[in-house]
Amino acid sequence: MTALKKYQISFNPAGKTVDVLAGTSILDAARLSGINISAVCGGKGSCGKCRVIINQGNVSPVSENEVTLISSENIEKGHRLACSAFPQSNLKVDIPEVSMTDEFKLQLEGENPSVDADSPVKSYEVKIKPPSLREPASDLARVSDELKAGFGITDPSVDIYALKKLPALLRKESSETMVFMRQNEIIGFLPAGSSPAGIAVDLGTTKVAAYLMDLKSGKVIASAGAVNPQTAYGDDVMSRLDYSINQKKKPDTPYRSLSEVIRDLINDMTGKLVEETGITGEHVADMCIAGNTAMIHLFLDLPVEQLAKSPYVAAVDTSIDVKAREAGINICPGAYIHFLPGIGGFVGGDHTAMIIGSGIDRKKHITLGVDIGTNTEIVLHNPVKGTCRALSCPSGPAFEGAHVSDGMRAAKGAIESVRLTDREVLCKTIGDAEPIGMCGSGIIDTLAELYRLGLINARGRFDRDNPRIKQGEFGSEFVISEGGSGNGRIVITQKDIAEIQLAKGAIRAGIESLMEADGIDVNDVSEVILAGAFGTYINLVSAVEIGLFPAFPNAGYNQVGNSAGTGVRMALLSGKERKRAEEIALKIKYLELTTHKSFNQRFARGMSFPLEKQVADSID
Ligand code: FES
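A short tour of the structure in this document, coming up. (Residues numbered from 1 in each chain as written. Predicted model: local features only at pLDDT ≥ 70, side-chain atom pairs only at ≥ 80, totals over all residues. Heavy atoms only, no water.)

### Section: unusual backbone geometry
A cis amide bond, omega 5°, links Ser-310 with the succeeding residue Pro-311. Note on placement: Pro-311 falls in the loop between α10 (305-308) and β14 (320-323). Residue Gln-183 is not a glycine yet carries a positive backbone phi of 50°. Within the element layout of this structure, Gln-183 appears in the loop between β8 (176-182) and β9 (185-191). Of the residues examined, Gln-183 reaches a relative accessible area of 64% and is grouped as exposed. Its identity as a non-glycine residue notwithstanding, Asp-301 has a phi of 55°, on the positive side. By the secondary structure assignment, Asp-301 is in the loop between α9 (293-300) and α10. (Helix = DSSP H or I, 4+ residues; strand = E, 2+ residues; numbered from the N terminus. Buried < 20%, exposed > 50% of the residue type's maximum accessible area, 1.4 Å probe, protein only.)

Spelled out as structure tokens, the structure:
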């Protein structure tokens, strides 16, 4: 038997080198060395986002996919798709900034939680009598006696890992100790004077936000945001479920499970947050996580086969409490993680958190809440009828810049707003940097402007007779920027417009289906709440002009920021808010959009651009 050859691959500018067996793609080599290259399609060779440049060495011949996704000029320069190129010698590989998943505009802010801190975790300082030969009661018995005498707590149970810390603590520190309890269970013993902290996590498909909070005062002590490193395995939930299912079928192939990937990130973020604030991981006595159904399954390493195929059944969609250590999270020894309940299908605890955080469930008027992401969740709250319905639309990652030739996430150098005059294209980039691509808000502006100037028609087709529409290597295109510093031109193609049409068609169909199910129309809606980063940065006039949202003549728009982050912080701080989350999840009626009777018609109609000018003028 001949042994497979090994090659060494060095990545720049990451400065990492990895040895891999022949037959390992450059994408997998990058993953093995911990580099997150954007891989929207999960490595299927169809998204074109995993672009790398071969600087030195030989690789497999250019594949058909690469010919369709990379210009011949760039192929000449060594550009390849990391998922489709395999080493045939040692390699030096450059990763362009646009292919990295790190460093993009993360939105941590939402409204501050307006909730009284009443955490399920309490702390009790007790003075423990030293044992003697006459009274040799166990350490735990002496703690229990003091809890009873001082606080009336009877028969507490104790977490075994918390207990392991007690003997040394009682003999090292003073006779006073701090006992962290959750209901009647002792979950940690800490030095006297310690105050319990908690971490609220908004676990998004693309982004993760974590907030370290003081459980007594309810204050945020520190916060952090990061890209979900699972994006290197596919941008949408289906690609990740596929990856997870397929990898488990190949137990001999070295790979990191998606559960491990996200757990490592949460441990890493926890470590940085506590270090920043001078406490230890053991002070973190509670954690609350809100995520969509797929994210929670992957986090907990639950089976996902049944979730990936119709009728998309979750292993669990109620709230659950899991010992943090059993979920692989290193905080206080006996601490739990509380997962917020989901609503149905892929509408998970993050949407429940968004509803709590934005207070939609308490509105006295008809309110529509939209959280645009790879999956867009929409809720319609109608207090007049006492109804509340929610659904999820597969809007895909186009608004994150994926599936769009020069699309990118909202990172430095991304064009975030566009205005067209009769002759010029006026752009603004994030960080006022040299443009290197276009993020969602820039893409929507571009479409609105192209439509306003008649450069595309109501079906989204370019007016090819207009001299501003050029013929590029991949068909008709409109040039946004001629580029600079060797970054290349930035264009929007007919195919890109079609991608956005698919996304907007799904969202529009979702909104209309909810209104139809509730028996209302656009005139009845009083408020539209847009949550999440994209909903915050989007230009509302452009969004209405392209028909992403219907015009709501009587509605005010409210761009609330990361209200899922606000909601999960509220749930971390308060048992009452956890109960409210349960009630919301039980009350909301979940609508399965894809089987809804008029979905296909609405979807097709939603892909078009509005024929009459919408009431965009009413938006401030
Ligand atoms: Fe390589 Fe999509 S084309 S990951």
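From this point, the discussion proceeds with the structure in view.
### Focus: the pattern of salt bridges
Counting across every chain of the model gives 28 salt bridges. Where Glu-282 meets Lys-165, a salt bridge forms, and the shortest distance between an N and an O atom there is 2.9 Å. In this pair, Glu-282 is assigned in the loop between α8 (258-277) and β13 (284-291) and Lys-165 in the loop between α5 (160-163) and α6 (166-172), connecting sequence segments 117 residues apart. The exposure class of Glu-282 is partly exposed, given its relative accessible area of 25%. (Salt bridge = Lys/Arg side-chain N within 4 Å of Asp/Glu carboxyl O.)

### A word on the packing of helix α16 (residues 563-573) against helix α17 (residues 575-587)
Between α16 and α17, the shortest axis-to-axis distance is 5 Å and the interhelical angle comes to 125°. Taken together, α16 and α17 sit at an angle that is classed as oblique. Side by side, α16 and α17 meet where Met-570, Ala-571, Leu-572 and Leu-573 of the first sit next to Gly-575, Glu-577, Arg-578 and Arg-580 of the second. The residue makeup of the contact of α16 with α17, split by class, is 4 nonpolar, 1 polar and 3 charged. (Axes fitted to C-alpha atoms, helices over the stretch in contact; angles between N-to-C directions. Parallel < 35°, antiparallel > 145°, perpendicular 65-115°, else oblique. Contact = heavy atoms within 4.5 Å. Nonpolar A, V, L, I, M, F, W, Y, C, P; charged D, E, K, R; others polar.)

### Some thoughts on helix α18 (residues 599-607)
Every buried residue belonging to α18 is among Phe-599, Arg-602 and Gly-606, and all of these are buried. Projected down its long axis, α18 carries its buried residues within an arc of 70°, all on one side. Exposed residues lying more than 90 degrees from the buried face of α18 are Asn-600, Gln-601 and Arg-605. Contacts made by the buried residues of α18 are with α13 (494-518). (Arc of directions from axis to C-beta.)

### Quick look at the packing of aromatic side chains
In the structure shown here, the tally under the stated rule is 7 aromatic pairs. Between Tyr-451 and Phe-609, the aromatic rings sit 5.2 Å apart at their centres with planes inclined by 40°, giving tilted as the arrangement. Placement of the pair is Tyr-451 in helix α12 (residues 440-452) and Phe-609 in the segment after α18, with a sequence separation of 158 residues. Owing to a relative accessible area of 2%, Phe-609 belongs among the buried residues under this scheme. Across the ring face of Tyr-336, the terminal group of Arg-182 is positioned such that the distance to the ring centre comes to 4.4 Å. Seen from the ring of Tyr-211, Arg-569 lies directly overhead, with NZ or CZ sitting 4.3 Å from the centre. (Phe/Tyr/Trp six-rings, centres within 6.5 Å; stacked < 30°, edge-to-face > 60°. Lys NZ or Arg CZ within 6 Å of the ring centre and 35° of its normal.)

### Description of the nonpolar core
In this structure, Leu-203, Met-287, Ile-289, Phe-299 and Ile-337 are the most contacted members of the largest nonpolar core, which totals 83 residues. In terms of residue count, the dominant contributor to this core is α8 (8 residues). Other than its neighbours up to four places away in sequence, Ile-337 contacts Met-287, Ile-289, Phe-299, Ile-320, Asp-321, Val-322, Ala-324, Ala-327 and Ile-329. Ile-372, Phe-399, Ala-448 and Ala-503 belong to the second largest nonpolar core, which has 59 residues in total. (Core = buried A, V, L, I, M, F, W, Y, C linked by side-chain atoms within 4.5 Å.)

### Here's the deal with the sheet that holds strand β23 (residues 475-481)
Spatial ordering of the open sheet is given by β22-β23-β24, a layout of 3 strands whose pairing is antiparallel. The strands lining the two open edges of the sheet, one partner per strand, are β22 (469-472) and β24 (490-493). Between one strand axis and the next, the sheet turns by 50° as a mean value, whatever way the strands run. For β22 and β23, the ladder comprises 4 bridges, and the chain directions are antiparallel. Note that in β23 the partner of Gln-471 across the bridge is Ser-476. (Pairing = 2+ DSSP bridges.)

### Some remarks on the sheet that holds strand β4 (residues 79-81)
Reading across the sheet, the 5 strands line up as β2-β1-β5-β3-β4 and stay open at both edges, with mixed pairing between neighbours. With partners counted over all chains shown, the strands left at the sheet margins are β2 (16-21) and β4, one partner each. This sheet shows a mean twist of 35° between the axes of neighbouring strands, independent of strand direction.

### Observations regarding α12
Look at α12: 18 Å from first C-alpha to last across 13 residues, which is about the 18 Å you get at 1.5 Å a residue. For α12, a buried count of 12 out of 13 residues is recorded, marking the element as mostly surrounded by other parts of the structure. Among the residues trailing α12, Gly-454 stands out with phi positive, at a value near 75°. (Expected span 1.5 Å × (residues − 1).)

### Re the side chain of Arg-602
Note that Arg-602 resides in helix α18. For Arg-602, a relative accessible area of 13% corresponds to the buried category. Each residue touching Arg-602, except ones within four places of it in the same chain, is listed here: Gly-505, Ala-509, Glu-512, Ser-513 and Glu-516.

### Considerations on the state of the cysteines
Under the defined criterion, the tally for this structure stands at 0 disulfides. Summary of cysteine pairing: Cys-288 is not part of a disulfide, and the nearest cysteine sulfur, belonging to Cys-332, is at 16 Å. Left unpaired, Cys-427 is separated from the closest cysteine sulfur, that of Cys-439, by 11 Å. The class of Cys-427 is partly exposed, set by a relative accessible area of 34%. (Disulfide = S-S within 2.5 Å.)

### Considering the environment of Ile-520
For Ile-520, the position within the fold is in the loop between α13 and β25 (527-531). For Ile-520, a relative accessible area of 11% corresponds to the buried category. The spacing of Ile-520 and Asn-382 is 138 residues in sequence and 9.4 Å in space, taken between C-alpha atoms.

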